[in-house]
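Descriptive structure summary
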Amino acid sequence: MASGNPSKPSVPININHRRPSAQATPSGSHRPHQNRFELGPPSLQDRSGFETIAESSSAAAMTCQTCQQFGFRCVTRDDTDSCTPCVDAGAECSLLTLSPQSRKRKQQGEPFAEGTVKRGFSTSDLHSRRHPNNRFASNTASASLLEDFANVGGPTSFDRTLGLQLDRHSQYIGHTTDFEPSVLNLSNYDPRNESTSLRGTLRKVSDGNSFLLVPDSTTRGYEQQQQDIMAVEALVAPHGRTLIDLFFQRVHPAFPIAQKYVFLEKYERDYRDFTPPLLATVYLLAINWWNHSPVLADLPRPNTDELERLVRSSLADSMCRPKLSTVEAALLLAQIPGSSQWAPTAQLVAVSQELGLHLDCSGWDIPPWEKGMRKRLSWGVYMQDKWGALIHGRPSHISPSNWAVRSLTVHDFPDVDWDEGNTEQKEDAQTGQIIFMRFVQLTGILNEILDTFYTLAAMHKVDNAGAQGAQMVLAQAKPIQLKLKEWYADLPACVRLESLSSGGLTPSRPSSVGYLHLAYFAAEISLHRRIISTLSASPTTVDPYLEHICRSAAKARLISSMDFVNRLSPNHLHSFWYFTSKTNFALIGTFGSLLWATSPGREEADWYRRRLAEYRWTLSVSAKPGQQGQYLTGFAMDMLDTSTGMLLRQLPEKPSMSRCTSALDFAGRSLPNSYSGFGSGFSLQSSFSNLGSTLDRSSPQSLESEDESASDDDGDDDLEDDYNTAM
């Protein structure tokens, strides 16, 4: 180790760096960036200070009460009767009382009550600190009312944000680093809770949580950033704004991690304030629906290869100076077809920990809207890690012992809004919010499945249990199965199975409910896949009836998942699908292949062979060239061909069970499906024949139906009880 500079970080920085004083004026002819922000309402940016209104009676008459109190220039907007400072701050503007008709958009949830503001906090926040009872908040008690108002509204020239500053990036200071938290508490913090050090600026956000703010200019590729962002915009010009609108129409409602209101206003002001990977990834995702835009459909597409190259190169550079926008870009990039890889997930988790996204930020000294954005991004990373671990068969990077993020609430979606009077837009916003929160809950159950059955320690424990391994797996599976059942039973009506019916949807209106239900089936299949594999590993030691009811339960899940795929309409296939969806489609075929391979008799094996042939036909109808369905179901078809091809060549001949009771037909009945909305009296053939109005999924020659419609509900309930007892 060099003796000259033992504390030098891995990324070279100027150890003599000092933050310029608030009075310092940037020099040079370039656009000043100091104390400006990457995201946030832009109308209060690019000012050296807030202008004082004239004290004339005429000016006062045209100024709202808030602007009079804080000395803001009261400028009205074209799209609302509120003034610009109040809109940016999310405050109720007194000018509304002078207007006979307000054009303000409603926020999701109940109407505004008097004294409340747009983003879920009260106007009392304009007059008091956010944490009056917090000892830490006393450090900032001397901050002015003007700064309080700026914090409520979002990023302004007062750099109260933590992860969205344009010229600095944050690094979380862990408890085992060369910084000692007890010593950090002795630092002399200014009213913004910042303290200058040799390695950067210390920023204290709460007792025990501090960050190091480092200038971006010290990192690799910083000089290239402006050239990259202009190159990105040039590749899509003049269709940039159209693509952004397409993104917020098709992707954002079902995957609301971006800050919509801030994003749109920021783009209108100056696209160069975006980081290149975020803007380029939004464009790349939107281009997937290029043909669905009446404005773009007949025009040549941009060079997506060059756009993706810019995304990946600029994202790699931004990892050296990570911001919340870096996490946004990485999460969105993973949703682009063909971009799902496991190695970038590890880097994404590391970057999110660098930004403190694994922590509870509810008590931090940051703007309220940034707290909501952090929580959405945190859970986005959590889902990326857990579902990526499932489809790649890898160990997860996030452990419960190092995860402190609180559950999402509707208040964490401050910009899920709609145009007043647009019922469809309102429904899509509400449904998307529910899909995202329910998907987070389902991911928690998936994490329990992975930890319980698929870690190396868990699998070795079952293997070492020998003949008792099956009973061990069933005992572990029962509480998880009940959680899955309760998760589905609690789904709101707008995202339940019935909403998949295309009867109430226009052809141009997408519905992303499909990826939520498909993920549910993937979780169910992952659970039952482990049960079947364990039972088949020791067939001579398993009770025949126990094997029958477990296989019947697995069969019911397979039937329901195939029926679900069969009922998808173009509205669902052309909507946004989470990045794991193509593999989740394939898992249905993989599960059917497992049941085929482990069938005790020839008759049961033939049944699964025919069902997989029907499933492949369903997938082939959806996989139309040049459409979203080709990406989703084409991969599943290839995997199905691979697995069934291997079975046909290598699977030994099964013994005939025609003269004895087949495991499939044991007790003359099959287990019902726990997925409400389907009874066990379901036939894939009948489902094919009822679909003609949406997609022609009926095969040229109908495959024979089997005995699913023969069972009665009472018998199904009894067998379900037997299954729960066995588990």
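Every value quoted in this text rests on a predicted model; they were computed, and no experiment measured them.

1. Focus on the sheet that holds strand β2 (residues 194-197)
Read from one edge to the other, the open sheet built from 4 strands follows the order β1-β4-β3-β2, with strand pairing classed as antiparallel. Where the open sheet ends on each side, the last strands, each with one partner, are β1 (168-172) and β2. Pairwise comparison of adjacent strand axes, ignoring direction, gives a mean angle of 30° for this sheet. Examined bridge by bridge, β2 and strand β3 (residues 200-206) share 4 bridges and lie antiparallel to one another.

2. Describing the packing of aromatic side chains
Scanning the model with the defined rule gives 25 aromatic pairs in all. Geometrically, the ring pair formed by tyrosine 267 and phenylalanine 274 is tilted, given 6.5 Å between the ring centres and 45° between the ring planes. In terms of burial, tyrosine 267 and phenylalanine 274 fall into one category: buried. When the ring of tyrosine 488 is compared with that of tyrosine 520, the centres are 5.9 Å apart and the planes differ by 35°; the resulting orientation is tilted.

3. Topic: the pairing of strand β4 (residues 209-215)
In terms of residue burial, β4 counts as a mostly covered element, since 7 of its 7 residues are buried. Burial along β4 is two-sided: the face carrying Asn209, Phe211, Leu213 and Pro215 and the face carrying Ser210, Leu212 and Val214 are both buried. With 5 bridges connecting them, β1 and β4 associate as antiparallel partners. Within the sheet, the bridge partner assigned to tyrosine 172 lies in β4 and is phenylalanine 211. Pairing analysis gives 5 bridges linking β3 to β4, with the strands arranged antiparallel. What sits directly across from threonine 201, in β4, is leucine 213. Count of turn residues in the β3/β4 antiparallel hairpin: 2 residues, of which glycine 208 carries a positive phi of about 90°.

4. Focus on unusual backbone geometry
Leaving glycine aside, a negative phi is the common case for residues, and trans is the common case for peptide bonds. Residue alanine 237 is joined to proline 238 through a cis peptide bond whose omega torsion reads 5°. When you line up the elements, proline 238 lands in the loop between α6 (225-236) and α7 (240-250).

5. A few points about the side chain of glutamine 335
Mapped onto the fold, glutamine 335 is located in the loop between α11 (324-334) and α12 (343-354). Residue glutamine 335 is classed as buried on the basis of its relative accessible area, which comes to 5%.

6. As for the nonpolar core
In terms of nonpolar packing, the biggest core is built from 135 residues, with Ile244, Phe255, Tyr283, Val327, Trp387 and Phe585 touching the most fellow members. Residue assignment places this core across two domains, with domain 2 (219-412) and domain 3 (426-500 + 510-650) each supplying three or more. Excluding residues within four positions of it along the chain, tryptophan 387 makes contact with Phe439, Leu442, Thr443, Leu446, Ala519, Ala522, Tyr578, Thr580 and Asn584. By size, the runner-up hydrophobic cluster in this structure holds 9 residues, among which are Leu162, Phe211, Leu359 and Trp364.

7. Overview of the pattern of salt bridges
Counted according to the given criterion, the structure contains 22 salt bridges. Ionic pairing is found between glutamate 524 and arginine 557, a salt bridge with its closest N-O pair at 3.5 Å. One end of the pair, glutamate 524, is in helix α17 (residues 513-537); the other, arginine 557, is in helix α18 (residues 544-566), and 33 residues separate them in sequence. For the residue pair glutamate 524 and arginine 557, the accessibility class agrees, reading buried in each case. One salt-bridge network, held together by shared partners, links Arg168, Glu194 and Arg203.

Procedures and definitions
Residues take numbers from 1 onward in each chain, read along the sequence in its written order. Totals for whole chains, interfaces and linings use every residue, but because this is a predicted model, local features are given only for residues with pLDDT of at least 70 and side-chain atom pairs only at 80 or more, for both listing and counting. As a convention, hydrogens and water are excluded, and side-chain values are obtained from all of the structure's heavy atoms. One bridge is not enough; two strands pair if DSSP finds at least two bridges between them. Under the scheme used here, helices are H or I runs from DSSP no shorter than 4 residues and strands are E runs no shorter than 2 residues, and both carry numbers assigned from the N terminus. Only the contacting stretch of a helix is used when fitting its axis, a line to C-alpha atoms as for every element, and angles between N-to-C directions run 0 to 180 degrees. Note on aromatic pairs: the rings of Phe, Tyr and Trp (six-membered ring only in Trp) are paired at centre separations within 6.5 Å, and the planes decide the class, stacked below 30 degrees, edge-to-face beyond 60, tilted for the rest. Burial classification: accessible surface area is computed with a 1.4 Å probe over protein chains only, and a residue below 20% of its type maximum counts as buried, one above 50% as exposed, and the rest as partly exposed. Here, the term nonpolar core denotes a set of buried Ala, Val, Leu, Ile, Met, Phe, Trp, Tyr and Cys residues that are joined through side-chain atoms within 4.5 Å. An automatic or database domain assignment supplies the residue ranges for each domain. Whether two residues are in contact is decided by their heavy atoms: any pair within 4.5 Å suffices. One side-chain nitrogen of Lys or Arg within 4 Å of one carboxyl oxygen of Asp or Glu is enough to make a salt bridge.

Everything listed here is a matter of geometry and, on its own, says nothing about what the molecule does.
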